[in-house]
Amino acid sequence: MNRLLAIAAYVGIGFGAGSSTAQVCGWEAVTQTGTPGGPRLNPRVVYDSTASVVILFGGGTTGGYPAGTWAWNGTAWSQIPTTTDPIARNGHAMALRPGDATQTILLYGGERFGSFLSDTWSFDGNDWTHHASAVGPPGHRLADMVFHEALGVFVHFGGGAGPSGNTAFADTYHWDGQFWNAVFAPGPSERMSHMMAYDPIRQEAVLFGGLRPGFGNQSDTWTYDASGWTLKSTSGPPPLRNAAMDFDHSRGTVVLHGGRLNSFAPNNQTWEWNGSTWTLVGELNPIAREFDDMVYDHARGQLLLLGGTVPGLFAMNWSDGPSITPVGGSETADYPCPLTLGISATGSGTLSYQWYKDNVALTDGGAITGAQTPTLTINPTDALTGGGYRCEITDTCTTKSSGTILVNTRCLADVNGNGVADPGDYTAWINAFNNNDSAAEQNCDGTVTPTDFTAWIANFNAGC
Ligand SMILES: [Ca+2]
Ligand SMILES: [Ca+2]
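An account of the accompanying structure is given in this report. (Residues numbered from 1 in each chain as written. Chains lettered and ligands numbered in written order. Predicted model: local features only at pLDDT ≥ 70, side-chain atom pairs only at ≥ 80, totals over all residues. Heavy atoms only, no water.)

**Some details on the nonpolar core**
Short version of the rule: Within this scheme, the nonpolar core is defined by two criteria: the residues are buried Ala, Val, Leu, Ile, Met, Phe, Trp, Tyr or Cys, and they are joined through side-chain atoms within 4.5 Å. Categorising residues by exposure relies on relative accessible area from a 1.4 Å probe, with only protein chains included: less than 20% of the type maximum marks a residue as buried, more than 50% marks it as exposed, and the intermediate range marks it as partly exposed. Secondary structure counts use DSSP, requiring at least four H or I residues in a row for a helix and at least two E residues in a row for a strand, with both numbered from the N terminus. Only heavy atoms matter for contacts: two residues are in contact if any of them lie within 4.5 Å across the pair.
Membership of the largest hydrophobic core comes to 19 residues, with the highest contact counts inside it found for L341, Y353, W355, L362, L376, Y389 and I393. Of all the secondary structure elements, the ones that give two or more residues to this core are β29 (339-342), β31 (352-357), β34 (375-378), β35 (387-394) and β37 (405-411). Looking at this core, the element that brings in the most residues is β35, giving three residues. Here L376 is in contact with L339, T340, L341, W355, L362, I368, T369, G370, A371 and Y389, once residues within four sequence places are set aside. With 15 residues, the next largest nonpolar core counts V255, Y296, V310 and W318 among its residues.

**Description of the coordination of the calcium ion (ligand 1)**
Ideal values for angles at a metal depend on the geometry: 109.5 degrees with four tetrahedral donors, 90 or 180 degrees with six octahedral donors. The condition is simple: For Na, K and Ca the donor cutoff is 3.2 Å, while for all other metals N, O and S atoms must lie within 2.8 Å; water is not among the atoms, so some sites may look incomplete.
Only D414 (OD), N416 (OD1), N418 (OD1), V420 (O), D422 (OD), D425 (OD) and D425 (OD) from the protein coordinate the calcium ion (ligand 1), and they sit 2.2 to 2.5 Å from it. All donors of the calcium ion (ligand 1) belong to a single chain; written as a sequence motif, their spacing is D-x1-N-x1-N-x1-V-x1-D-x2-D. Classification of N418 by relative accessible area gives partly exposed; the value is 42%. For D425, a relative accessible area of 0% puts it in the buried group.

**Things to note about the sheet that holds strand β5 (residues 77-79)**
Inclusion rule: The pairing criterion for strands is at least two bridges between them, as found by DSSP. Note on geometry: axes are lines fitted to C-alpha atoms, helical ones only across the stretch in contact, with angles between N-to-C directions running from 0 to 180 degrees.
Spatially, the four strands line up as an open sheet ordered β2-β3-β4-β5, and their pairing is antiparallel. Two strands in the sheet have a free side with no partner beyond their single neighbour: β2 (44-48) and β5. Pairs of neighbouring strands in the sheet enclose a mean axial angle of 30 degrees, with direction left out of account. Both strand β3 (residues 53-57) and strand β4 (residues 69-72) contribute to a ladder of four bridges, which runs antiparallel. Note on β4: the bridge partner recorded for F57 is T69.

**With respect to the pairing of strand β18 (residues 216-225)**
With eight of its ten residues buried, β18 lies for the most part within the structure. As paired strands, strand β17 (residues 204-212) and β18 are joined by seven bridges and run antiparallel to one another. Its bridge partner lying in β18, L207 is registered against W222. The antiparallel hairpin formed by β17 and β18 contains three residues in its connecting segment, where G214 sits at a positive phi of about 90 degrees. In this structure, β18 lies alongside strand β19 (residues 228-233), joined through five bridges in antiparallel fashion. Within β19, the residue paired with T223 across the bridge is T230. Taking the residues that link successive antiparallel strands as the turn, the β18-β19 hairpin has two residues.

**Describing the packing of aromatic side chains**
Threshold: For Phe, Tyr and Trp, rings pair up if their centres lie within 6.5 Å, where Trp contributes its six-membered ring, and each pair is then called stacked (planes under 30 degrees apart), edge-to-face (over 60) or tilted (otherwise). The criterion for a charge sitting over a ring is simple: Lys NZ or Arg CZ within 6 Å of the ring centre, and within 35 degrees of the ring normal.
Scanning the model with the defined rule gives 17 aromatic pairs in all. Aromatic pair W175 and W180: ring centres 5.2 Å apart, planes at 55 degrees, arrangement tilted. Taking the relative accessible area as the measure of exposure, W175 reaches 3% and is therefore buried. Assessed through its relative accessible area of 8%, W180 is described here as buried. Through a chain of ring-to-ring contacts, three or more aromatic side chains come together here, namely Y426, W429, F433, F453, W456 and F460. The ring of W318 carries R251 above its face, with NZ or CZ at 4.1 Å from the centroid.

What follows is the structure, given as structure tokens:
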């Protein structure tokens, strides 16, 4: 009999906000073609919702400052054929105002060969415009900026400048589309290399950490809305600068990765902010990195990480391993008829399977086929077929086991069900046949016909 288990059950993704260290697959390398894939320190990326591409500008390499405005479409990078680009730089502030009619990417400041820039540019998806008369914030490099959807303005905070480059500022500026406006908003201390993201659910900008010259890295979390800055937390990630942070629209949380610790070592942690508390997602080696940037790619539904001290483009995989159906159950093997146990699973990448009986791994051979596939078949079954069966499924994240499927056995020759093959089974078979009772079925074809009598004799001779 071909029996696929029909227990409707589902193993969901098993963590939620506020839990302890969540198990996730982590950052997975994305195959990319095009040139901007190499290491770039302090590049800036934003998501262009009109063209459904990620826009990259700037970043430093050992060879200097790669030029051009680049678009990522999910598989390849291509340079946008602009007529004018801002001069190539790194450590600039860049953010995007979404909306088909209003979309603008705003760029301010940065650094190039030790010079601090204070020019303001906007990009409409096709070309850049230099706002030559705009007088920008005093923090020229390693500031951060978001578009604050609730306030309808770009919000720029902090940054460094000065002769040594290590004079930091605590200034909040709004860009209204034409001018920079200083805002009196007491809040975070002066700093640079901090991280900002906009949280559209809680309608606030989020700021974390950064370097306060003379005081080291900070670990405070602030939010910014119409009432100004609010200190939300002083616990969570360690004191950090140069990390990457953005809002993950698939999770509804702000995600932070990497950065430089006070020890100067790169950080390998990923953290998640739910509006009130930070949760350590995991220490996701081997990509401890700093000077990277992060963006949510709406078209692909992925949080992307790129740039920094490690080459490559990475996407966050929040999975905690395969989902398996069913989670368990019970089954009866009418021996010697075949038994089929089926399992289905979804997960990341190519799945591999391994069936176990009573926690001993099964291999193909003899009566067993499919021991490393979703479907295990035992043909023929016998009195020893009974036991606890389960299947382990491995995806790119981890290995998980199905629940145990308890297999009981029943001897087909024992038609009268008294536990032994005895002469009474002959009479019982005749009665079952005359009544078209399924107990008369002996040759595993699922129907009761006269040929089942020959099969019953064979089954009887094989014994129970
Ligand atoms: Ca019997
Ligand atoms: Ca039959």
